[in-house]
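Each chain is listed here by its residues.
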Protein chains: 2
Amino acid sequence: MATIKILYVEDEANLGTIVSETLEQKGFDVRLIADGNLVLQACLTFKPDIAVLDVMLPGVDGFTIGKNLRLQFPDLPIIFLTAKTQTKDVVEGFQSGGTDYMRKPFSVEELIIRIQNQLRLRNVQQVASEIIRIGKFIYHPKKLLLENGEHRWQLSSREAEVLDVFSRYINRTIDRKTLLLEVWGDDSFFHSRNLDVYIRKLRDYFGSTNGVQIITLKGKGYQFVVEN
Amino acid sequence: MATIKILYVEDEANLGTIVSETLEQKGFDVRLIADGNLVLQACLTFKPDIAVLDVMLPGVDGFTIGKNLRLQFPDLPIIFLTAKTQTKDVVEGFQSGGTDYMRKPFSVEELIIRIQNQLRLRNVQQVASEIIRIGKFIYHPKKLLLENGEHRWQLSSREAEVLDVFSRYINRTIDRKTLLLEVWGDDSFFHSRNLDVYIRKLRDYFGSTNGVQIITLKGKGYQFVVEN
DNA sequence: TCCGCTTAACCTTAATTAACCTAAATTGCT
DNA sequence: AGCAATTTAGGTTAATTAAGGTTAAGCGGA
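Let me begin by describing the structure that accompanies this report. Computed from a predicted model, the values in this text were never measured in an experiment. (Residues numbered from 1 in each chain as written. Chains lettered and ligands numbered in written order. Predicted model: local features only at pLDDT ≥ 70, side-chain atom pairs only at ≥ 80, totals over all residues. Heavy atoms only, no water.)

1. Here's the deal with the overall build of chain A
The helix and strand tally for chain A stands at eight helices and 12 strands. For chain A, buried positions account for 50% of its 228 residues. Total accessible area computed for chain A in this model is approximately 10,900 Å², and 51% of it derives from carbon and sulfur atoms. Seen as two clouds, the 29 positive and the 29 negative side-chain charges of chain A have centres 6 Å apart. (Helix = DSSP H or I, 4+ residues; strand = E, 2+ residues; numbered from the N terminus. Buried < 20%, exposed > 50% of the residue type's maximum accessible area, 1.4 Å probe, protein only. Areas by Shrake-Rupley, 256 points an atom, 1.4 Å probe, with all protein chains shown as cover. Lys, Arg positive; Asp, Glu negative; His and termini not counted. Charge placed at Lys NZ, Arg CZ, Asp CG, Glu CD.)

Below you can see the structure in the form of structure tokens.
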């Protein structure tokens, strides 16, 4: 594998420099950014393998950045760093799309270990995702095939793209905007009407008696309820 | 798959019991084991979705157990718990096959979050079967479903959000401000009128003869009285 | 204690907004 | 051209918010 690229967002200059240098000594390619507003842009150009975000940034909230990153880069591992100690901050961190969470002060060695761990987990998961179980249904994302005991459906590509998103949010809520951004790339009015059409198609596939439901959360999105 | 199964290895009896009970309250199926030598055996019979290992076990070293587990169960998420603070212990944790690592003392809430995070990273399905008993009613928060023997109601998202708060305050008082802040995020005048509307809807669901009452405490909030 | 004032909560309706659904139009293949 | 998939369109329905009149609890002063 090529060098691992780390996007590191940290506003404290001293800390940022020290950590960056240490990571670079260990062979990582580090892009240090102090301004939270530049993160999305940097992700597009730098294409990091992992993002490390300080949460306590001036101006923008690190969790908000995390959420936006997650929308644009569904598979990017994100480690939050924060001085906050309350459990609810940890909760918020994971809900904001984080894949790991560390409290400050932290040791750089531990950060490195956790970075490597995240990359390892991501690889494991990517290999494993050939088949996704959705209640009594089985979805083959690579083949665009959805089946249950009785039927199999060859999905169209749009149908599959929407279901891909849903399959990552089993028994969780998906906001409409996430869906629109991931599938159509923007959340304009027309695409929104469009999404309605595909929600309808998925609901038709799942039926009303198979323990898989897409519940509308008006003004928010959907709850993808899957009974086991 | 039914509920999520957690293998929890902990030799301190008190701590083990408390954590197990809390996890069970949250709907997990927990197998508590005190003796590290029994872990492999328990994994074979119990088939957990995730393992939580205390590292400081008498006799066997938790890291060694982790390594063995990893050999036998390459995809099992493992969270190490330890009082050790040194970075090298964290390093050893991850090298021993761990997928996450927490320092003692820890909050059970954070443990739950990290468990769910590990499961999410592995695409293990979360359960939709969590239920809350409210007198003769059963509320399914994940499905936004309220039922008693006679009826079932698919709640709207706002109705469910308000009931979510109430369900945490069974036979206790909730102040109006708490409700407003949790559901609408602020306690402005309009949202306050708005809350009235939803209180009314909930009262309609519960009816006047089913032993569930929302009693007004004027100027303070509500008392959520539930007979058993 | 009783009366009246104040204020919070109740209740109903209207307005707004979001989502649903169906079908027609368009696009993009082959 | 013909077909399937996708997008566009618009009428319909439902959830939510906003508004305002009504009721009643609580409180202070006589």
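What follows continues from the structure just given.
2. Concerning helix H8 (residues 189–206) of chain A
All names here are of chain A. With 18 residues, H8 extends 26 Å between its outermost C-alpha atoms, agreeing within 8% with the 26 Å of an ideal straight helix rising 1.5 Å per residue. Where H8 is concerned, the buried positions are Ser 192, Leu 195, Tyr 198, Ile 199, Leu 202, Tyr 205 and Phe 206. Looking straight down H8, one finds that the buried residues subtend no more than 115 degrees of arc, so they occupy a single side. Looking at H8, the residues exposed on the side facing more than 90 degrees away from the buried face are Phe 189, Phe 190 and Arg 200. Residue Gly 207 follows H8 closely and has a positive phi angle near 70 degrees. (Expected span 1.5 Å × (residues − 1). Arc of directions from axis to C-beta.)

3. Details of the protein's contact with DNA strand D
In the region of DNA strand D, 22 residues are neighbours, and A:Ser156, A:Ser157, A:Phe190, B:Ser156 and B:Phe190 sit closest. Sugar and phosphate atoms form 72% of the subset of DNA strand D atoms that lie within 4 Å of the protein. In the model, a phosphate oxygen of DNA strand D is placed 2.7 Å from a nitrogen or oxygen of the A:Ser157 side chain. Looking at the surface near DNA strand D, the elements with two or more residues in it are helix H6 (157–167) and H8 of chain A together with helix H6 (157–167) and helix H8 (189–206) of chain B. Residues belonging to the surface near DNA strand D are distributed by class as follows: eight nonpolar, six polar and eight charged. (Near = heavy atom within 4 Å. Polar contact = N/O pair within 3.5 Å; in protein donor to acceptor, adjacent residues only side chain to side chain. Nonpolar A, V, L, I, M, F, W, Y, C, P; charged D, E, K, R; others polar.)

4. Let's talk about the sheet that holds strand E11 (residues 212–217) of chain A
Residue and element names in this part refer to chain A. As summarised here, the arrangement of the three strands in space is E10-E12-E11, forming an open sheet in which the pairing is antiparallel. Edge positions in the sheet fall to strand E10 (173–175) and E11, since each has one partner strand and no second. Here the strands of the sheet are splayed against their neighbours by 25 degrees on average, with no regard to which way each runs. Pairing of E11 with strand E12 (residues 221–226) involves six bridges; the strand directions are antiparallel. Paired with Ile 214 across the two strands is Phe 224, which belongs to E12. Taken strand by strand, helix H7 (residues 176–184) contacts E10 and E12, and its axis lies near 65 degrees from that of E10. (Pairing = 2+ DSSP bridges. Axes fitted to C-alpha atoms, helices over the stretch in contact; angles between N-to-C directions. Contact = heavy atoms within 4.5 Å.)

5. Considerations on the interface of chain B and chain A
Residue-level contacts link 34 residues of chain B with 37 residues of chain A. Both sides of the chain B and chain A interface together cover about 3,100 Å² of buried area, and 51% of this is carbon and sulfur. For the interface between chain B and chain A, the tally reads six salt bridges. For A:Lys220, the salt bridge identified is with B:Glu161, shortest N-O distance 3.1 Å. On inspection of chain B and its partner chain A, the count reaches 13 residue pairs in polar contact (both at pLDDT 80 or more). Contributing elements (two or more residues each) for the side of chain B that touches chain A: helix H4 (87–95), strand E5 (100–103), helix H5 (108–121) and H6 of chain B. (Buried area = accessible area lost by both parts, 1.4 Å probe. Salt bridge = Lys/Arg side-chain N within 4 Å of Asp/Glu carboxyl O.)

6. Some thoughts on the side chain of A:Ser20
Residues and elements named next belong to chain A. By the element assignment, Ser 20 lies in helix H1 (residues 13–25). Of the residues examined, Ser 20 reaches a relative accessible area of 6% and is grouped as buried. Within the structure, the side chain of Ser 20 is placed 2.7 Å from the backbone oxygen of Gly 16, a separation counted as a polar contact. Sequence-distant contacts of Ser 20, that is, excluding residues within four places in its chain, are made with Tyr 8, Val 30 and Leu 32.

7. Thoughts on the protein's contact with DNA strand C
With respect to spatial proximity, 19 residues lie near DNA strand C, and among them A:Arg200, A:Thr216, B:Arg200, B:Arg203 and B:Thr216 are the closest. Protein-proximal atoms of DNA strand C, defined as those within 4 Å of the protein, fall in sugar or phosphate at a share of 70%. For DNA strand C, a phosphate oxygen lies 3.3 Å from a polar atom in the backbone of A:Gly219. A distance of 2.9 Å separates a phosphate oxygen of DNA strand C from a polar side-chain atom of B:Tyr222. Secondary structure elements with two or more residues in the surface near DNA strand C: H8 of chain A together with H8 of chain B. No other element matches H8(B), which puts five residues into the surface near DNA strand C. Considered class by class, the residues forming the surface near DNA strand C number four nonpolar, four polar and 11 charged.

8. Topic: the nonpolar core
One finds B:Ile134, B:Val162, B:Leu163, B:Phe166 and B:Phe206 to be the most contacted residues of the largest nonpolar core, which totals 30 residues. For this core, the secondary-structure elements that each account for two or more residues are strand E6 (132–134), strand E7 (137–140), H6, helix H7 (176–184), H8, strand E11 (212–217) and strand E12 (221–226) of chain B. Considering each element in turn, this core owes the most residues, six residues, to H8(B). Leaving out residues up to four positions away in the same chain, B:Val162 has contacts with B:Leu179, B:Val183, B:Trp184, B:Leu195, B:Tyr198 and B:Leu202. The next biggest cluster of nonpolar side chains, apart from the first, holds 29 residues, and it includes A:Phe137, A:Ile174, A:Leu195 and A:Leu202. (Core = buried A, V, L, I, M, F, W, Y, C linked by side-chain atoms within 4.5 Å.)

9. A few points about the packing of H6(A) against H8(A)
All names here are of chain A. Contact geometry of H6 with H8 gives a least axis separation of 10 Å together with a crossing angle of 80 degrees. On the basis of their axis angle, the class for H6 and H8 is roughly perpendicular. Across from Arg 158, Glu 159, Val 162, Leu 163 and Phe 166 in H6, the residues of H8 making contact are Leu 195, Tyr 198, Ile 199, Lys 201, Leu 202, Tyr 205 and Phe 206. Here the contact of H6 with H8 is composed, by residue class, of nine nonpolar, no polar and three charged. (Parallel < 35°, antiparallel > 145°, perpendicular 65-115°, else oblique.)

10. Looking at the pattern of salt bridges
As enumerated under the stated definition, the model contains 28 salt bridges over all chains in all. One salt bridge in this structure joins A:Lys104 and A:Glu10, with 3.3 Å as the shortest N-O distance. Here A:Lys104, found in the loop between strand E5 (100–103) and helix H5 (108–128), pairs with A:Glu10, found in the loop between strand E1 (5–9) and H1; they are 94 residues apart in sequence, far enough to count as distant. With a relative accessible area of 18%, A:Lys104 lands in the buried category. The salt bridge involving A:Glu110 is made with B:Arg103; its shortest N-O contact spans 2.5 Å. Separated into two different chains, A:Glu110 in helix H5 and B:Arg103 in strand E5 make up a pair that spans both. On the basis of relative accessible area, A:Glu110 is assigned to the buried category, the value being 4%.

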